Amino acid sequence: MPALSVLSVAAELFPLVKTGGLADVTGALPPALKAERIRMVTLVPGYPGVLSALTDAEVVADVGALAGGPARLIAGRAGHVDLFVLDAPHYFNRPGNPYQGPDGRPYDDNPMRFAALARVAAAIGHGLVADFQPDVVHSHDWHAGLTPAFLHFADAPRPATVMTVHNLAFQGQYPADLFPALGLPPHAFSIHGVEYYGMVGFLKAGLSLADRITTVSPTYAQEIRSGAAGMGLEGLFRARSDVLTGILNGIDTDVWNPATDPSLDKAFDRRRLPARVHNRKALRDRLGLDHDQHAPVFGIISRLTWQKGMDVVLEAIGDVVRLGAQVAVLGAGDRSLEDGFRWAAGAFAGRLGVVIGYDEDLAHQIQAGSDALLVPSRFEPCGLTQLCALRYGAVPVAARVGGLADTIIDANEMALSAGVGTGILFGQVARDPFIGAVQRTLAAFRDADTWKKLQRNGMATDVSWAGPARHYAALYREVVATRGA
Ligand code: ADP
């Protein structure tokens, strides 16, 4: 098995900069690929949090000409991950969110910021760094979407390219008058290049021009070929279905390990399930929930958005608590949903606890202290919270879409008699089906043996990166071999 070098290009990387699942993936994949003899170096923007975390930093190139202002490419490490950092202060020396200002509005120069990232990525692909010639350049989401375009339209030999889409809701579309500033040749503005309905499409460009496309679950890879899930790109996905595959995400099983998790009140594992009770008690204390031994706690750790079905939860919350459940919510997102949950926490005090904000520790505590985790997403490319829930013995209750359908085995009668169920899946994301799923969950919870079995099955599920890393390694090898043939 020959060693391969891969350049990963992304706007987020756990734990340095994270707004969602993308960061978890780009942070966890490089160490997991080592076992597959893949050396991955990740190119990220030089946000303050990235630069300050960098060790063994060394300037490897002046990239001012590529980045539209004084800029350096720095090589270094953060934890177990090798990095290239695009230190372009005029674009990235901004505190806080990587994409938007304190007013919550995307930065006006986002297209130029991420075009610069892609230009530098392509330059590395073309041999900018003497001792790192990637065999594959792997771009993530629209921020890195122009990378395959810069590689494709350059008049030079290039490495193989892979484009991964984590969330199609964000496509990076900008007015066509931006095009001349990108530095691509005029013929790149075509239906087979970066043009998208008369605009410039960053993600569309990557999806059109990369040698291989992946998304983060097999079911989502099917869903996006048609209808609403394709979000306007379904025709492109259909046209390129021969190079489109779905590879599930894993989670970092060191960070998410209930036996060693420093955020928990009490460690536990599959054989020490009763210890979860301490974590539930602590969670109730933290969120002001009543100590009602008969009520299961349903956790939610989510962006508070329509995609995540949080409007449906809010609509149904009165029924859910009246049915006998408690709900622990951690999330941030749409202002109206945040306000709605705050209001509901007052209306259902003792039965509903709500924390608005982003809190890693509390996320771990909810996974460890909840009996079930609610994930009623309208679409879900892969989803990570249900994987963490499986590992922590919180039974996932989820919509049957995308990666949720691929990672949870519904505890129907057949699955239960075969001893393989791990959660509760439901169809339509609307009030009644959602309440139906809550009722099924409550019935299962009240049958202690069934519940324990669900928890144990979930905890025995392999949610690590080992399997996904094997799939990515196979894909890299395949695309390199095919291009070389
Ligand atoms: P997304 O669509 O938001 O990327 P995922 O389920 O793929 O959804 O990943 C979400 C990740 O972010 C998970 O690791 C989850 O634990 C974490 N997360 C989401 N909201 C919060 C929050 N408010 N506080 C802490 N962690 C959160």
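These lines cover the structure that appears in this document, whether it is placed above or below. Per-chain numbering applies: the sequence of each chain, read as written, is numbered from 1 onward. In view of the model being predicted, local features appear only for residues whose pLDDT reaches at least 70, and side-chain atom pairs are presented and counted only at 80 or more, with totals across whole chains, interfaces and linings using the full set of residues. Side-chain measures were taken over the full set of non-hydrogen atoms in the model, leaving aside hydrogen atoms and water.

Looking at the site of the ligand
- Proximity is defined per residue: if any heavy atom of the residue lies within 4 Å of a molecule or strand, that residue is considered near it. Near the ligand there are 17 residues, and of these G21, R303, K308, G357 and L384 occur at the shortest range.
- Definition of a polar contact: a pair of N or O atoms within 3.5 Å, with one able to donate and the other able to accept a hydrogen when the atoms are protein atoms, and with sequence-neighbouring residues admitted only if both atoms are side-chain atoms. At 2.6 Å, a backbone N or O of G21 approaches an oxygen atom of the ligand.
- For the area figures, the Shrake-Rupley method with a 1.4 Å probe applies, and any residue is considered shielded solely by the protein chains shown. With the chains in place, 92% of the 560 Å² that the ligand exposes on its own is no longer accessible.
- When residues of the shell around the ligand are traced back to their parent elements, those giving at least two are α1 (21-34), β13 (297-304) and β14 (326-333).
- Ranked by the residues each element gives to the shell around the ligand, the list is headed by β13, at three residues. To qualify as a helix, a DSSP run of H or I must reach at least 4 residues; to qualify as a strand, a run of E must reach at least 2; elements of each kind are numbered from the N terminus.

A word on the pattern of salt bridges
- What makes a salt bridge here is a side-chain nitrogen of Lys or Arg within 4 Å of a carboxyl oxygen of Asp or Glu, nothing more. Across all of its chains, the model carries 22 salt bridges by this definition.
- Two residues, K18 and D24, come together in a salt bridge whose shortest N-O distance is 2.9 Å.
- Given the relative accessible area of 25%, K18 is considered partly exposed.
- For D432, the salt bridge goes to R431, with nearest N and O atoms at 3.6 Å.
- Here the salt bridges share partners, and the residues they tie into one network are D319, R322, R431 and D432. Each residue is assigned to one of three classes by its accessible area relative to the maximum for its type, calculated with a 1.4 Å probe on protein chains only: buried under 20%, partly exposed between the two thresholds, exposed over 50%.

Overview of the state of the cysteines
- Put simply, a disulfide is two cysteine sulfurs that come within 2.5 Å. If you walk through the whole model with that rule in mind, you get zero disulfides.
- Considering cysteine sulfurs only, C382 is the nearest to C388, which forms no disulfide, with 10 Å between them.
- Classification of C388 as buried rests on a relative accessible area of 4%.

Comments concerning the side chain of Q171
- Turning to its location among the elements, Q171 is positioned in the loop between β7 (160-165) and β8 (173-174).
- On the accessibility criterion, Q171 (9% relative accessible area) is buried.
- Within the structure, the side chain of Q171 is placed 3.1 Å from the backbone oxygen of L168, a separation counted as a polar contact.
- Two residues form a contact once any of their heavy atoms are found within 4.5 Å. In this structure Q171 touches W142, Y196, F202, L203, M231 and L233, once residues within four positions along its chain are discounted.

Side note on helix α8 (residues 202-209)
- Of all eight residues in α8, eight are buried; the element is thus mostly enclosed.
- Those residues of α8 that fall on the buried side of the exposure criterion are F202, L203, K204, A205, G206, L207, S208 and L209.

Re the environment of A156
- In this fold, A156 is placed in the loop between α6 (147-153) and β7.
- For A156 and H126, which are 30 residues apart along the polypeptide, the C-alpha to C-alpha distance reads 7.4 Å.

Re the sheet that holds β8
- Pairing is antiparallel in the open sheet, where three strands are placed in the order β8-β10-β9. Both outer strands of the open sheet, β8 and β9 (195-196), are each paired with one neighbouring strand and no more.
- Pairing between strands is defined by DSSP: at least two bridges between them are needed. Two strands pair when backbone bridges link them, and β9 and strand β10 (residues 199-201) are joined in this way by two bridges, in the antiparallel orientation. Within β10, the position partnered with Y196 by the bridge is M199.
- Along the sheet, α8 contacts β8, β9 and β10; its crossing angle with β10, the most-contacted strand, is approximately 60°. Fitted lines through C-alpha atoms give the axes, limited to the stretch in contact for helices. The angle between two N-to-C directions lies from 0 to 180 degrees.

Description of the pairing of β7
- Of all six residues making up β7, six are buried, and the element is well covered by its neighbours.
- Note: strand β6 (residues 136-140) against β7, five bridges, orientation parallel. Considered in β7, the bridge of V136 is made with A160.
- Handedness of the crossover joining β6 and β7 through α6: right-handed.
- The sheet contact formed by β7 and strand β11 (residues 212-215) spans four bridges and is parallel. From the neighbouring strand, V162 faces β11, where its bridge partner is R212. For the handedness criterion, the strands are oriented away from the viewer, and a crossover whose path from the first strand over the helix to the second runs clockwise is classed as right-handed.

Things to note about the nonpolar core
- Counting 78 residues, the largest nonpolar core has L43, F84, L86, L182 and F202 as its most contacted members.
- A total of ten residues in this core trace back to one element, the largest contributor, which is helix α5 (residues 110-125).
- With residues up to four places along the chain from it excluded, the contact list for L43 reads L7, S8, V9, A10, L73, F84, V85, L86, L117, V120, A121 and I124. Working definition of a nonpolar core: buried Ala, Val, Leu, Ile, Met, Phe, Trp, Tyr and Cys residues. They are joined through side-chain atoms within 4.5 Å.

Side note on helix α12 (residues 310-322)
- In this model, α12 (13 residues) spans 18 Å end to end at C-alpha, consistent with the 18 Å of a helix rising 1.5 Å per residue.
- The reported bend at a residue is simply the angle between two axes, fitted to the 7 residues ending at it and to the 7 residues beginning with it. Residue A316 marks the point of greatest curvature in α12, where the axis turns by about 55°.
- Within α12, burial applies to M310, V312, V313, A316, I317, G318, V320 and V321.
- Those residues of α12 that are buried are in contact with β13, β14, α13 (335-347), β15 (352-356) and α18 (431-446).
- Looking one or two residues past α12, G324 carries a phi angle of roughly 115°, positive in sign. To estimate the expected span of a helix, subtract one from its residue number and multiply by 1.5 Å.

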